[in-house]
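Below are the chains, spelled out letter by letter.
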Amino acid sequence: MTTQRTGPAQNADERTMLEGWLDYHRQTLAAKCEGLTDVQLRTASVPPSKLSLMGLVRHMAEVERSWFRRVLVGDGAAPIYYSDEDPDGEFHLTEQDTWAQAHAAWQAEIEVARRHAAGFALDELSRGRSRFTDEPFSLRWIYTHMIEEYARHNGHADLIRERVDGATGD
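About the criteria used
Residues numbered from 1 in each chain as written. Predicted model: local features only at pLDDT ≥ 70, side-chain atom pairs only at ≥ 80, totals over all residues. Heavy atoms only, no water. Helix = DSSP H or I, 4+ residues; strand = E, 2+ residues; numbered from the N terminus. Axes fitted to C-alpha atoms, helices over the stretch in contact; angles between N-to-C directions. Parallel < 35°, antiparallel > 145°, perpendicular 65-115°, else oblique. Contact = heavy atoms within 4.5 Å. Nonpolar A, V, L, I, M, F, W, Y, C, P; charged D, E, K, R; others polar. Expected span 1.5 Å × (residues − 1). Buried < 20%, exposed > 50% of the residue type's maximum accessible area, 1.4 Å probe, protein only. Core = buried A, V, L, I, M, F, W, Y, C linked by side-chain atoms within 4.5 Å. Phe/Tyr/Trp six-rings, centres within 6.5 Å; stacked < 30°, edge-to-face > 60°.

Visitor: Run through unusual backbone geometry, naming residues and quoting values.
Guide: The omega angle of the peptide bond from Pro 47 to Pro 48 is 10°, so this bond is cis rather than trans. Tracing the sequence through the fold places Pro 48 in the loop between helix H2 (38–42) and helix H3 (53–73). You will see that Asp 134, though not glycine, has its phi angle at about 60°, which is positive. Structurally, Asp 134 is set in the loop between helix H4 (99–118) and helix H5 (139–165).

Right, here's the structure in full:
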């Protein structure tokens, strides 16, 4: 894996640190997918699970979209891959699903996320609200949650990558 990951600054202000960790985890997921074919990227971890590297990337596109579009700015963006009929649609891949499409959608959502977050202070509250508590979230909370979400799924990606081609690493 040759994707260069930029580690977060060790002595930065809080926002720079949070954004650095989030970008680091985004880069980590990209590195886990690097150099594989579409078939390998669609390969499920262990049957009956549908979890695959491409599915994880599609899931993270949905997560970026949800937190930075729907919650942070309250724009009500429709899902990319899932539906009421298929709530795990991002993981239900077909031979027509490609890395180029999944990667482009994910990167587009990351860019929108960065633009939206740039307009908020860490303590500023989201325009969207929790579906459970009807309370807004601070941007700080969203950044922290996103770091946790990527870190958890990067652990899954480690195991899937090792299963697919034996590659291991950070």
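Next comes the rest of the account.
Visitor: I'd like a description of the packing of helix H1 (residues 14–33) against H4, backed by residues and values.
Guide: Where H1 meets H4, the closest approach of the two axes is 13 Å, and the angle between their N-to-C directions is 180°. Considering their axes alone, H1 and H4 lie roughly antiparallel with respect to each other. Counted together, Arg 15, Asp 23, Arg 26, Leu 29, Ala 30 and Cys 33 of H1 and Trp 99, Trp 106, Ile 110, Ala 113, Arg 114, Ala 117 and Ala 118 of H4 form the full contact between these two elements. Grouping the amino acids of the contact of H1 with H4 by side-chain chemistry returns 9 nonpolar, no polar and 4 charged.

Visitor: With reference to specific residues and values, describe H4.
Guide: Taking 1.5 Å per residue, 20 residues should reach 28 Å; H4 reaches 28 Å between its end C-alpha atoms and fits that length. Residues of H4 that are buried in the fold lie against H1, H2, H3 and H5.

Visitor: Give a detailed account of the environment of Ala 113, specifying residues and quantitative values.
Guide: Here Ala 113 shows up in helix H4. Accessibility expressed as a relative area gives 1% for Ala 113, which makes it buried. Expressed as a C-alpha distance, the spacing of Ala 113 and Lys 50, which sit 63 residues apart in the sequence, is 27 Å. Here Ala 113 is in contact with Arg 26, Glu 64 and Phe 68, once residues within four sequence places are set aside.

Visitor: I'd like to hear about the environment of Thr 28, residue by residue, with values.
Guide: Turning to its location among the elements, Thr 28 is positioned in helix H1. In this structure, Thr 28 is in contact with Arg 5, Asn 154 and Asp 170, ignoring residues within four places of it in sequence.

Visitor: Would you mind going over the nonpolar core in detail, with residue names and values included?
Guide: Membership of the largest hydrophobic core comes to 36 residues, with the highest contact counts inside it found for Phe 68 and Met 146. Contributions of two or more residues to this core are made by H1, H3, H4 and H5. The dominant element in this core, judged by the number of residues it contributes, is H3, at 12 residues. The contacts of Met 146, once residues within four sequence positions are left out, are Leu 22, Met 60, Val 63, Glu 64, Trp 67 and Phe 68.

Visitor: Residue-level account of the packing of aromatic side chains, with values.
Guide: Tallied over the entire structure, the rule returns 5 aromatic pairs. Judged by centre distance (4.5 Å) and plane angle (40°), the rings of Phe 137 and Trp 141 are tilted. Under the relative-accessibility criterion, Phe 137 is labelled buried at 13%. Here the aromatic residues Trp 67, Phe 137 and Trp 141 are joined through ring pairs into a cluster of three or more.

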